[in-house]
Amino acid sequence: MAADDVDRIVSAWRRERPDLDVSPLEVLSRVSRLARRLDLARGRAFSGTGLESWEFDVLSALRRAGSPYELSPGQLVSETLVTSGTMTNRVDRLAARGFVERHPDPGDRRGVIVRLTHDGMVAVDRALAELVTHERELLARLDPDEQQALAALLRRLLRPFETGPA
């Protein structure tokens, strides 16, 4: 198999720091570099939809929640891995675009619920269709069995960081 940039990086570190086992870089540097490239690819996938990646993240969390497509700001923070201040700003901006609405939380007089609007649903559904088309193309280098094996290995690696049920 042909060498890649990570092979060259690891080789250089092994030469410069033979006292360290740099083998974790062989996996995690590839994951890190792939994540950066995927962020760029997602940006390109969304460019035709009028959404930014962060907008898709919030809107898709609401869409996945199912009818009536609403979550508390705290739930959105958990779903998108951003701070509450960042989420407030994002909800403000999405509300200004007509993609979400704030409603009083019936279970908490001081709380609010963020609800996906019809326009938000149309936007996120269109963006999801575009995204899966682009991501399918990115994965085309792997056959279906390889894709499943990679997904299983990444799931095992990611699981300790996840907060949902096992």
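For the chain, the name recorded in an unreviewed UniProt entry is DNA-binding MarR family transcriptional regulator, with Phycicoccus duodecadis as its organism.

J.: Report on the overall build of the chain, specifying residues and quantitative values.
T.: When helices and strands are tallied, the chain shows seven helices and three strands. Secondary structure of the chain in N-to-C order comes out as α-α-α-β-α-α-β-β-α-α. Over its C-alpha trace the chain gives a radius of gyration of 20 Å, far above what one expects of a compact globule, namely 15 Å for 166 residues. Principal-axis analysis of the C-alpha atoms places the extent of the chain at approximately 60 × 30 × 30 Å. Burial statistics for the chain: of 166 residues in total, 23% are counted as buried. Sequence-distant contacts, at least 24 apart, represent 46% of the contacts inside the chain between residues at least 6 apart. When the accessible surface of the chain is totalled, it reaches about 11,700 Å², and 55% of it is carbon and sulfur. Of note, the chain has its 25 positive side-chain charges centred 2 Å away from the centre of its 26 negative side-chain charges.

J.: Outline the nonpolar core, supporting the account with residue identities and numerical values.
T.: Ranked by internal contacts, the top residues of the largest apolar core, which has 23 residues, are Leu59, Leu62, Leu76, Leu94 and Val100. Of all the secondary structure elements, the ones that give two or more residues to this core are α3 (53-64), α5 (84-96), β3 (108-116) and α6 (118-139). With six residues, α3 is the single largest residue contributor to this core.

J.: Lay out the packing of helix α2 (residues 24-47) against α6 in plain terms, naming residues and giving numbers.
T.: The description of two packed helices rests on the angle between their axes and on the distance between the axes. Contact pair α2 / α6: the axes reach a minimum separation of 9 Å and the direction vectors enclose 135°. By the angle class used here, α2 and α6 are oblique. As for how α2 packs across α6, the hand of that crossing is right-handed. Across from Leu38, Ala41, Arg42, Ala45 and Phe46 in α2, the residues of α6 making contact are Ala127, Glu130, Leu131, His134, Glu135 and Leu138.

J.: Describe the UniProt feature "domain: HTH marR-type" (unreviewed entry) in the chain, naming the residues involved and giving the relevant values.
T.: Per the UniProt annotation, the sites labelled "domain: HTH marR-type" (unreviewed entry) are residues 24-159. The span residues 24-159 carries 69% helix and 12% strand; its end-to-end C-alpha distance comes to 18 Å.

J.: With reference to specific residues and values, describe empty space enclosed by the protein.
T.: Summed over the entire model, instances satisfying the criterion amount to one cavity of 30 Å³ or more. Quantified by volume, the largest cavity comes out at close to 30 Å³. Looking at the largest cavity, the residues that line it are Leu38, Ala41, Arg42, Ala45, Leu131, His134, Glu135 and Leu138. When contributions to the lining of the largest cavity are tallied by element, the ones reaching two or more residues are α2 and α6.

J.: So, the pairing of strand β2 (residues 100-105): which residues are in play, and what are the values?
T.: Alignment of β2 against β3, held across six bridges, turns out to be antiparallel. The partner of Arg102 across the bridge, within β3, is Val114.

J.: Help me get a handle on the packing of α3 against α5, residues and values and all.
T.: Contact pair α3 / α5: the axes reach a minimum separation of 11 Å and the direction vectors enclose 90°. When the axes of α3 and α5 are compared, the pair comes out roughly perpendicular. Contacts between α3 and α5 involve Trp54, Glu55, Val58 and Leu59 from the first element and Met87, Arg90, Arg93 and Leu94 from the second. A breakdown of the residues in the contact of α3 with α5 according to their chemical character gives five nonpolar, no polar and three charged.

J.: Quick one: what's the story with the environment of Ala123, residue by residue and with numbers?
T.: Following the sequence through the fold, Ala123 ends up in helix α6. Each C-alpha atom of the pair Ala123 and Arg64 lies 14 Å from the other, and the pair is 59 residues apart in sequence. Ala123 has contacts with Leu51 and Phe99, leaving out every residue within four places of it along the chain.

Rules and cut-offs
Residues numbered from 1 in each chain as written. Predicted model: local features only at pLDDT ≥ 70, side-chain atom pairs only at ≥ 80, totals over all residues. Heavy atoms only, no water. Helix = DSSP H or I, 4+ residues; strand = E, 2+ residues; numbered from the N terminus. Rg over C-alpha atoms; globule rule 2.2 N^0.38 Å. Buried < 20%, exposed > 50% of the residue type's maximum accessible area, 1.4 Å probe, protein only. Contact = heavy atoms within 4.5 Å. Areas by Shrake-Rupley, 256 points an atom, 1.4 Å probe, with all protein chains shown as cover. Lys, Arg positive; Asp, Glu negative; His and termini not counted. Charge placed at Lys NZ, Arg CZ, Asp CG, Glu CD. Core = buried A, V, L, I, M, F, W, Y, C linked by side-chain atoms within 4.5 Å. Axes fitted to C-alpha atoms, helices over the stretch in contact; angles between N-to-C directions. Parallel < 35°, antiparallel > 145°, perpendicular 65-115°, else oblique. Left-handed = near helix turned anticlockwise from the far one by under 90°. UniProt positions renumbered as here; feature names shortened; annotations may be inferred. 1 Å grid on protein atoms, 1.4 Å probe; cavity = no way out; pocket = protein on both sides within 12 Å on 5 of 7 lines; lining within 4 Å. Points joined across faces, edges and corners; volume = space filled by probe spheres on them. Pairing = 2+ DSSP bridges. Nonpolar A, V, L, I, M, F, W, Y, C, P; charged D, E, K, R; others polar.

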